[in-house]
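Here are the chains, one letter per residue:
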Amino acid sequence: MQNSSPVDPPHPADDVLDHAGYRLKRAHAALRGAMDQVLRRHGLTVPQYSCLEVLAARPGLSNAELARATFVTRQSMNVVLRGLQNEGLLTRPASVDTGRARPASLTDEGRRRLNAAQGDVYAVEARMIRAIPADRLAHLLEDFDRMAQALAD
């Protein structure tokens, strides 16, 4: 096995935990933790809430489309959908005429639960956003998009 020399980090940092990736992950973990906390009061998990929110905006999405939109695997989304369906928060046809995709739609109870939870989740996001000077927020969001695109290329 060859002895390799250390590689310089992509930007100056005194500590590995100061790298951009770690900082981004720390922010994500803080957001996830705050969302978990408020969603517990509504009997929802973050993936369940995300699924309901996406379905409210885009009814009829399939399991695969919902998985992509909410950043979970198709297998995990299938579990989320079954749980939400068992709770009466969404409906899916038992079968479809063509293909395998079974489009999901919110029930009235699903819409009610989403609406009840949204205020708390949006309050978490507002708390997070208040930490950014208002004149920098648009640039930060654009930077996030550029980072995601750079990694997708």
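As a reminder, the structure under discussion sits directly above these lines.
Small disclaimer: the values here were computed from a predicted structure and weren't measured. Sequence order as written defines the numbering, with residues in each chain counted from 1. A pLDDT threshold of at least 70 governs which residues receive local features in this predicted model, and a stricter bar of 80 or more applies before side-chain atom pairs are shown or counted, although totals over entire chains, interfaces and linings include all residues. Side-chain metrics in this entry use all non-hydrogen atoms of the structure; hydrogen atoms and water are not considered.

### Considering the packing of helix α2 (residues 46–57) against helix α4 (residues 74–86)
Right, so step 1: What counts as an axis is a line fitted to C-alpha atoms, over the stretch in contact for a helix, and the angles between N-to-C directions run from 0 to 180 degrees. Under the scheme used here, helices are H or I runs from DSSP no shorter than 4 residues and strands are E runs no shorter than 2 residues, and both carry numbers assigned from the N terminus. One way to put it is that α2 packs onto α4 with a least axis distance of 10 Å and a crossing angle of 75°. Taken as axis vectors, α2 and α4 run roughly perpendicular relative to one another. Residues Pro47, Gln48, Cys51 and Leu52 of α2 form the contact with α4, whose participating residues are Met77, Val80, Leu81 and Leu84.
Right, so step 2: When its residues are assigned to classes, the contact of α2 with α4 shows seven nonpolar, one polar and no charged. Roughly parallel covers angles under 35 degrees, roughly antiparallel covers those over 145, roughly perpendicular covers 65 to 115, and oblique covers all other angles. Every residue pair with non-hydrogen atoms within 4.5 Å of one another is taken to be in contact. The residue classification treats Ala, Val, Leu, Ile, Met, Phe, Trp, Tyr, Cys and Pro as nonpolar and Asp, Glu, Lys and Arg as charged. All others, Gly included, are polar.

### Some details on the layout of surface pockets
Space left empty within the atom packing is revealed by a probe, the size of a water molecule, rolled over the atoms.
Right, so step 1: The rule is simple: put a 1 Å grid over the protein atoms alone, call a set of points where a 1.4 Å probe fits but cannot get out a cavity, call an open set with protein on both sides within 12 Å along at least five of seven lines a pocket, and count a residue as lining if it has an atom within 4 Å of a point. Grid points are joined across faces, edges and corners, and a volume is the space filled by probe spheres set on the points. Approximately 1800 Å³ is the volume found for the largest pocket.
Right, so step 2: As for the largest pocket, its lining consists of 38 residues, of which Ala27, His28, Leu31, Met128 and Phe144 are closest to the centre.
Right, so step 3: Elements supplying a minimum of two residues to the lining of the largest pocket: α1 (20–40), α2, α3 (63–70), α5 (108–129) and α6 (134–152).
Right, so step 4: Per-element accounting of the lining of the largest pocket gives the leading share, eleven residues, to α1.
Right, so step 5: Among the residues forming the lining of the largest pocket, the class breakdown is 29 nonpolar, four polar and five charged.

### A look at the environment of Val38
Right, so step 1: Its location among the elements puts Val38 in helix α1.
Right, so step 2: Along the backbone, Val38 and Asp120 are 82 residues apart, and their C-alpha atoms lie at a distance of 6.2 Å.
Right, so step 3: Leaving out residues up to four positions away in the same chain, Val38 has contacts with Asp120, Val121 and Val124.

### A look at the packing of α2 against α3
Each pair of packed helices can be summarised by the angle the axes make with each other and by the distance between the axes.
Right, so step 1: In the contact formed by α2 and α3, the axes pass within 10 Å of each other and the chain directions differ by 110°. Between α2 and α3, the interaxial angle falls into the category roughly perpendicular. Helix-helix and strand crossings are classified by hand; for α2 and α3 the assignment is right-handed. Of the residues in α3, those touching α2 at Ser50, Cys51, Val54 and Leu55 are Leu66, Ala69 and Thr70.
Right, so step 2: A class-by-class count of the residues in the contact of α2 with α3 yields five nonpolar, two polar and no charged. Handedness of a crossing is defined here by the sense of rotation of the near helix relative to the far one, left-handed for an anticlockwise turn of less than a right angle and right-handed for a clockwise turn.

### Examining the environment of Ala138
Right, so step 1: Tracing the sequence through the fold places Ala138 in helix α6.
Right, so step 2: Spatially, the C-alpha atoms of Ala138 and Ala69 are 22 Å apart, while their sequence positions differ by 69 residues.

### Some words on the pattern of salt bridges
Should their charged atoms come close, side chains of opposite charge can pair.
Right, so step 1: When a carboxyl oxygen of Asp or Glu lies within 4 Å of a side-chain nitrogen of Lys or Arg, that pair is called a salt bridge. Within the structure shown, the criterion is met by six salt bridges.
Right, so step 2: Arg32 is the partner of Asp36 in a salt bridge, and the nearest nitrogen-oxygen pair spans 3.5 Å. Of this pair, Asp36 and Arg32 are both found in helix α1, four residues apart, which corresponds to roughly one turn of the helix.
Right, so step 3: Here Asp120 and Arg41 are joined by a salt bridge, their closest N and O atoms 3.5 Å apart. Of this pair, Asp120 sits in helix α5 while Arg41 sits in the loop between α1 and α2, placing them 79 residues apart in sequence.

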